[in-house]
Amino acid sequence: MIKFGTGGWRAVIGEEFTFGNVRRVAQATALYLKEIGQAHKPVVIGHDLRFLSGRFSRAFAEILVHNDIPVWFIEPVVPTPMLMFAVEQEKLALGIMLTASHNPSEYNGIKVIVEGGKDAPVQVTNRLEELCKYIPQLEAPPLSFFDALEQGKIVLYSNKNAYIDSLLAQIDVKAVQQLNLNVLFNPMFGVAKDIMAMCLASLRCSVDLINAQRDTMFGQRAPSPSREALQDMEYLMKQGGYHIGIATDGDSDRIGLYDEKGNYITANDILKLLYYYLKEYRGEKGGLVRNLTTTHVLDRIAHSFGEPAYEVPVGFKHISHKMDEEDLLLGGESSGGLKIRGHVNGKDGILAALLAVEMLAKTKKSLSGLLKEINEKYGTLHFGEVNLTYRAQDRSRLEKILLQDRYVPAFPWRLHRTSYMDGVKYYFTNDNWFSIRFSGTEPILRLTYETNTEAQAQELRRTIMGDKTLNLPAEED
C-alpha cells in the first residue's frame, strides 16, 4: 500500500520504495493532472542525495512523459524549498521532490508540491492513494529519460539564481556584511551546501564546512539536526571561534543551531528567538501558528505583542494553510521546520538560518544573550519527547483505547481539556501538557510533553510508561 503521511510518501528502499511503486505514483500523478485539467502544464521534478534518488526521479519523469505531460527536470540536486519556490514562481500546477528529508538512510520518499508552492493537502494525497490502488507495478516505458531529453519532452531547468536572490532579498545584507561573522556550517551530507555557501559568502561570512561531501549513509546517522546527530559539530563549536553553528537536514527544510559557546539551540528555542526578533527588533506585524507538539511559550510571546497564536495538527501543510488564512508572520514546529511570511510557502531551513545570522548582526547580541533575554521575559518550560517503535497490533490496540474508548490515564494533575485533533493531547490546569500521536512517516509512537519543571516531567513519564491499560512499548536504549 502506498500511503502518504505528514511529509509525503516514505518507505524503505528495496521493500516498498521500488522503481515499480515510484512509477505507480507517477502514473497516479499523471491521471490526477488530467482529472483537474492541468496535464498541459510542466511538472518540475527534483531530487536529493539519497541512494538512487536521481534514478528514481528519472523514472518518475519517464512515466509523465509517457502520458504526454511535459517535465522540467532539475539537475543536479535541489533543496526542497527551492523546488517549492519554482512551483510558485513559475505558476505550475505540480512539483515532485524525491526525498525522505530527515529520515534514516534506508528510506526514500516523494513529496508532492501543489499550486502556489505548497505541500499537497490531504485531499490531493488521498486522491493519489486511491488512484494507486488500481495501478499495477509498472515497467519502464519505451521512451527513456535521455531520449525524452533529446527530443525536448524533458527540459533541464534551474532556478538557483532566482532562489538565492529571493533569500538575500529577505535579509539586511549590509548589516551582516559589517559584522565579519565566523560560521560553522554542517549540511549533514545533504543538499544545502552550495546554496548556503553562496549566501553566506554574499554576506561576507567566514565559513567552515563539515559533512559536506556526498554520503548516502549520512555518516551512519539520520540527517536530522538533532543534538544526538550533531555531536561532531558540537565538539568543534565548543572549541570556540565561531559566532554561530548552522546545520540543515537532508533536504534543507529544517535547521539546527549552536550558540557561540557550543550550546545546542533546540527547535523550540529557534522559533522563540526568530519570532521574538521579528517582533521586538524588526517591528514586524502578525501572529503565529505552531503544531500541537511545539512549545506553548510561543503563545506567551505572541500574546505579549497583542498577536494571536494558533495550534494545528502535525504536518506543515496545516501551518502553511493557517498562515495564509490569517496572514500570520511565522509558523513552526518542534522538529525544526519553520516558515516566515513573504517567502516560500513551506519550510525553508536556509532562510531560517540566514535570518538567524541577520539577528546577530542587527541586535549586536549573541544567541545565548538573546535566549536569556527571552527566558527572563517569558519564563521557561521543560519540553521532552519519547519515541517508541510499535508493531501493527500495538497501533490498533492503542487507537481503540485512546481514540475510540477515549481512555484517560491517571495523571498527577487536574485535567483542563482534551483534544483529539491529531492523536490525543491533554492540557492541564497548571500549564503542563502531554500528547500521544502516531508518526505519519515511520512506525513510531511519539509522546511529547511540556512541564514547568524537570521533576514534573519525570513524574509524567513514570505515570505514562507505568500505565497498565496503555501497556506502551518499551523505550529503546
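Residues numbered from 1 in each chain as written. Predicted model: local features only at pLDDT ≥ 70, side-chain atom pairs only at ≥ 80, totals over all residues. Heavy atoms only, no water.

Asks: Any chance you could explain the pattern of salt bridges here in plain terms?
Replies: Oppositely charged side chains can pair when the atoms bearing their charge come close. Inspection of every chain in the model, using the stated rule, returns 31 salt bridges. Ionic pairing is found between Glu75 and Arg58, a salt bridge with its closest N-O pair at 3.9 Å. Here Arg58 lies in helix H2 (residues 53-66) and Glu75 lies in the loop between strand E4 (71-74) and helix H3 (80-89), a separation of 17 residues in the sequence. Several salt bridges share partner residues, and in doing so they unite Lys111, Asp251, Asp253, Glu333 and Lys347 into one network. (Salt bridge = Lys/Arg side-chain N within 4 Å of Asp/Glu carboxyl O. Helix = DSSP H or I, 4+ residues; strand = E, 2+ residues; numbered from the N terminus.)

Asks: What's the story with the layout of surface pockets in this structure? I'm lost.
Replies: One water molecule sets the probe size; rolling that probe over the atoms shows where empty space is left. Roughly 900 Å³ of volume is contained in the second largest pocket. Forming the boundary of the second largest pocket are 35 residues, of which Lys3, Gly5, Arg395, Ser439 and Gly440 lie nearest the centre. Breaking the lining of the second largest pocket down by element, the ones donating at least two residues are strand E1 (4-5), strand E2 (8-12), helix H4 (122-132), helix H12 (316-326), helix H15 (392-404) and strand E21 (433-438). If you tally residues by element for the lining of the second largest pocket, the top one is E2, at 5 residues. (1 Å grid on protein atoms, 1.4 Å probe; cavity = no way out; pocket = protein on both sides within 12 Å on 5 of 7 lines; lining within 4 Å. Points joined across faces, edges and corners; volume = space filled by probe spheres on them.)

Asks: When you look at the sheet that holds strand E13 (residues 264-265) in this model, what are you seeing that I'm missing?
Replies: Strand pairs in the sheet, formed through backbone hydrogen bonds, run parallel or antiparallel to each other. Taken together, 5 strands build an open sheet; the order of strands is E10-E9-E11-E12-E13 and the sheet is mixed. Single-partner strands in this sheet number two, and they are strand E10 (206-209) and E13. Where helix H8 (residues 193-202) meets the sheet, it contacts strand E9 (182-186), E10 and strand E11 (244-248), and its direction lies at approximately 170 degrees from that of E9. (Pairing = 2+ DSSP bridges. Contact = heavy atoms within 4.5 Å. Axes fitted to C-alpha atoms, helices over the stretch in contact; angles between N-to-C directions.)

Asks: How do you make sense of the environment of Arg23 when you look at a structure like this?
Replies: Among the structural elements, Arg23 can be located in helix H1 (residues 19-35). We classify Arg23 as buried; its relative accessible area is 11%. Put simply, Arg23 and Leu181 are 158 residues apart on the chain and 46 Å apart in space, counted from C-alpha to C-alpha. Excluding residues within four positions of it along the chain, Arg23 makes contact with Ala59, Ile63, Leu138, Glu139 and Ala140. A polar contact is formed between the side chain of Arg23 and the backbone oxygen of Leu138, at a distance of 3.2 Å. (Buried < 20%, exposed > 50% of the residue type's maximum accessible area, 1.4 Å probe, protein only. Polar contact = N/O pair within 3.5 Å; in protein donor to acceptor, adjacent residues only side chain to side chain.)

Asks: When you look at the packing of aromatic side chains in this model, what are you seeing that I'm missing?
Replies: Aromatic rings in a pair are described by how distant their centres are and how their planes are angled relative to each other. Applying the stated criterion to the full structure yields 18 aromatic pairs. Plain terms: the ring middles of Trp72 and Tyr157 are 5.1 Å apart, the flat faces sit at 15 degrees to each other, and that makes the pair stacked. Pair noted here: Trp72 is in strand E4 and Tyr157 is in strand E8 (residues 154-157), with a separation of 85 residues, a long-range link. Judged by its relative accessible area of 21%, Trp72 falls in the partly exposed class. Classification of Tyr157 as buried rests on a relative accessible area of 13%. A network of ring pairs unites the aromatic residues Phe411, Trp413, Tyr426, Phe428 and Phe434 as a single cluster. Over the aromatic face of Tyr420 sits the side chain of Arg406, whose NZ or CZ is 3.8 Å from the ring centroid. Between the NZ or CZ atom of Lys425 and the centre of the ring of Trp433, over which it lies, the distance is 4.2 Å. (Phe/Tyr/Trp six-rings, centres within 6.5 Å; stacked < 30°, edge-to-face > 60°. Lys NZ or Arg CZ within 6 Å of the ring centre and 35° of its normal.)

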